[in-house]
Amino acid sequence: MTLSNRQIRILKVLAFVACLGPLLNLVWKAVHILPWTSGIGFIAAGADRWNLGANPINVITRATGKATLIFVLMTLAVTPARRLLGQPWLIRYRRMFGLFAFFYGSLHLATYVVLDQFFDVGSMIADIEKRKFITVGFAAFVLMIPLALTSTSGWIRRLGGKRWHRLHQLVYVTAVLAIFHFLWLVKFDITRPVKYGGVLAILLGYRIAIWLVERTRSARERQVIANPRTTVPLS
Amino acid sequence: MLIKKSGDIVSSEITPKKVFMNRRRFMTGAALAGAAAVAGHFVGSMREPTQTVEAATLKISGKSPYSTNEQQTPLKDIENYNNFYEFSSDKYEPAKLAQKLKTRPWTVEIAGAVPKKEKIDIDTLLTQYSQQEFIYRFRCVEGWSMVIPWIGFPLSDLIKHVQPLGKAKFVKFTTKYDQGEMPGLKYGGLDWPYVEGLRMDEAMNPLAILATGLYGDELPKQDGAPIRLVVPWKYGFKSIKSIVKIEFISDQPTTTWQAAAPGEYGFYSNVNPNHDHPRWSQKKERRIGEFFKRDTLMFNGYGDQVASMYAGMDLNKYY
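The following refers to the structure shown. If you're wondering where the values come from, they're calculated on a predicted model, not measured in any experiment. Sequence order as written defines residue numbering, which begins from 1 separately in each chain. Whichever chain is written first is A, and whichever ligand is written first is 1; the rest continue in order. Side-chain atom pairs in this predicted model are given and counted only at pLDDT of 80 or more, local residue features only at pLDDT of at least 70, and totals for whole chains, interfaces and linings cover all residues.

**A look at the overall build of chain B**
Working step 1: Within chain B, the regular secondary structure consists of nine helices and 13 strands.
Working step 2: Buried residues are those with 20 or more other C-beta atoms within 10 Å of their own C-beta, exposed residues have 12 or fewer, and partly exposed residues lie in between; C-beta atoms are placed from the backbone. When each of the 319 residues of chain B is scored for burial, the buried share is 46%.
Working step 3: By definition, residues are in contact whenever their C-beta atoms, placed on the basis of the backbone, come within 7 Å of each other. In chain B, 71% of the contacts between residues at least 6 apart in sequence involve partners at least 24 apart. Helix and strand definitions here come from DSSP, where helices need a minimum of 4 consecutive H or I residues and strands a minimum of 2 consecutive E residues; each element is numbered from the N-terminal end.

Pasting the structure below:
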């Protein structure tokens, strides 16, 4: 499958709208405009606290958290997908996925700060210090900040490809921390965090395999260059 | 509609069924928060509950003096936001899945150190013991809470009736176990059947009840029909649901959650804001339907009735 530049761009716009899905879904549930009402005044009348369940803040927290994790994993899936499927143009979506991960992560954190804790700084500091799932979750978010800031083409140029790549390998740490964040918060049923963790293991496993293969190959090449005779057995 | 509580009328008589949305309270909170735009969804309009209770209204002959006059949690929340792992570990699924639970015929086995081991039919329990209303706070170990108008009778009424022997120091309760009716059982993990326990003095405390209904009707299945324990000064998971067996034993039983994670869930599991769950704080709770968290009270606010039972005990050790 080869796509023209134009097709890639159109597809990207569609993908962008799809990436807004988790947010739109929440907004839709929250506002739930009745079909027969019109005008802003009726929006509130059609809203129902129960559209987001008995514990709406919890629902928002979970939905934004889940979206964050999914976009982190999608970002990490781009490289294996484009290599294995032979679709190099997929790289052009990676930045968008990564920024959506940061976007949903920000919403997730904002839900905690504003809706859950309502700016109770003391309580939040205690949480970050004492609750390991919050500690790692917060760390996962903080590590995304430099990546979001340096996501522009300008920054890639300024840092140089190699250094930029190095920096952006932090996303591996974010992903692992995000899985532990999920795993440590569930009361008992760890099925879902384990599933997400399995996907991450595959995505990171792919990279480790590639890295091992390349290291062996380059070691062999170095050896050949340094001491060509060793590959030619003396007769 | 704002529910007004009057001192001498039971809730079932004054509150039209299915009309329990407490939006005013919530709107105030949301407006104060200045988050009205975000919180648009909190503004309640009425919608029918997804599950309705088709059960005979219980005959209620009295009201507990320990009832709170705090605003009661809407029936819709009580019916749809449940932890009932025998059906699902999701909170919204038991409302659907628990409808498979057969609650008739139903017997409660009285076993252990009692002069007469017997199986009591649920309808006998419903008629033999006068059913009263108990409006209790309910605090889940996960950090949310409700106010629930239970119908039931003091556990002590039953215990006095079955006259356990002197060697009975603990009461052990067991939930129904039926793989055909309970799809959550096959996921394993927890040790089924679900088991809970109380020390004998806790079981005799007038706050401890066997609940058979709420909001004037029989218990919704997802809330533990046809009969469950309610011990409001303890975390919700102690209030075991759908009981089929009550045993009087001499040694402290190992409860289900205790067996699953002993460092997180103790035998006592009294509501205690000063003893955090290892993974989250217990200092505050969110009352379902409210925006701001509120402080969690020692023994869930029932210290006057229960604190003396734990005098001299290190509650950080016996959590």
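**Section: the sheet that holds strand S7 (residues 195–199) of chain B**
All names here are of chain B.
Working step 1: Strands are treated as partners if at least two bridges between them are detected by DSSP. Overall, mixed pairing links the five strands, which are arranged S3-S2-S11-S6-S7 in an open sheet. Looking at strand neighbours, the two that pair on one side only are strand S3 (118–121) and S7, the edges of this open sheet. For this sheet, the mean inter-axis angle between neighbouring strands, taken without regard to orientation, is 20°.
Working step 2: Across four bridges, the pairing between strand S2 (residues 107–112) and S3 is antiparallel. Bridge assignment links Ile110 to a residue of S3, and that residue is Glu118. To define axes, lines are fitted to C-alpha atoms, for helices over the stretch in contact only, and angles between the resulting N-to-C directions are given on a 0 to 180 degree scale.

**Quick look at the nonpolar core**
Working step 1: Take the buried Ala, Val, Leu, Ile, Met, Phe, Trp, Tyr and Cys residues, join any whose C-beta atoms are within 7 Å, and the set you get is a nonpolar core. Within the largest apolar cluster, 67 residues are counted, with the highest numbers of intra-cluster contacts made by Trp150 and Ile209 of chain B.
Working step 2: When residues in this core are grouped by element, the largest group, seven residues, is from strand S5 (residues 144–154) of chain B.
Working step 3: With residues near it in sequence (within four places) discarded, Trp150 of chain B still touches Phe134, Tyr136, Ile209, Ala211, Leu214 and Val230 of chain B.
Working step 4: Formed by 34 residues, the second largest nonpolar core is a distinct cluster that contains Leu107, Ala175, Ala178 and Ile179 of chain A.

**Thoughts on unusual backbone geometry**
Residues and elements named next belong to chain B.
Working step 1: Each neighbour pair has its own omega, and for Arg104 with Pro105 the value is -10°, a cis peptide bond.
Working step 2: Tracing the sequence through the fold places Pro105 in the loop between helix H4 (94–97) and S2.
Working step 3: Here the amide bond leading from Trp192 into Pro193 is cis, since omega sits at -5°, within 30 degrees of zero.
Working step 4: Despite not being glycine, Asn300 shows a phi value in the positive range, around 55°.
Working step 5: Among the secondary structure elements, Asn300 is positioned in the loop between strand S13 (294–295) and helix H9 (303–306).
Working step 6: In this structure Asn300 comes out as buried when scored by C-beta crowding, with 25 C-beta atoms within 10 Å.

**Concerning the environment of Ile243 of chain B**
Residues and elements named next belong to chain B.
Working step 1: Mapped onto the fold, Ile243 is located in strand S11 (residues 243–249).
Working step 2: Sequence separation between Ile243 and Gly197 is 46 residues; the distance between their C-alpha atoms is 12 Å.
Working step 3: If sequence neighbours within four positions are ignored, Ile243 has contacts with Val108, Phe173, Thr174, Thr175, Ile227, Arg228 and Leu229.

**Looking at the environment of Arg82 of chain A**
Residues and elements named next belong to chain A.
Working step 1: Summarising the element assignment, Arg82 is placed in helix H4 (residues 56–85).
Working step 2: Judged by the 17 C-beta atoms lying within 10 Å of it, Arg82 falls in the partly exposed class.
Working step 3: In this view, Arg82 contacts Gln87, Pro88, Leu90 and Ile91; residues no more than four positions away in its chain are not counted.

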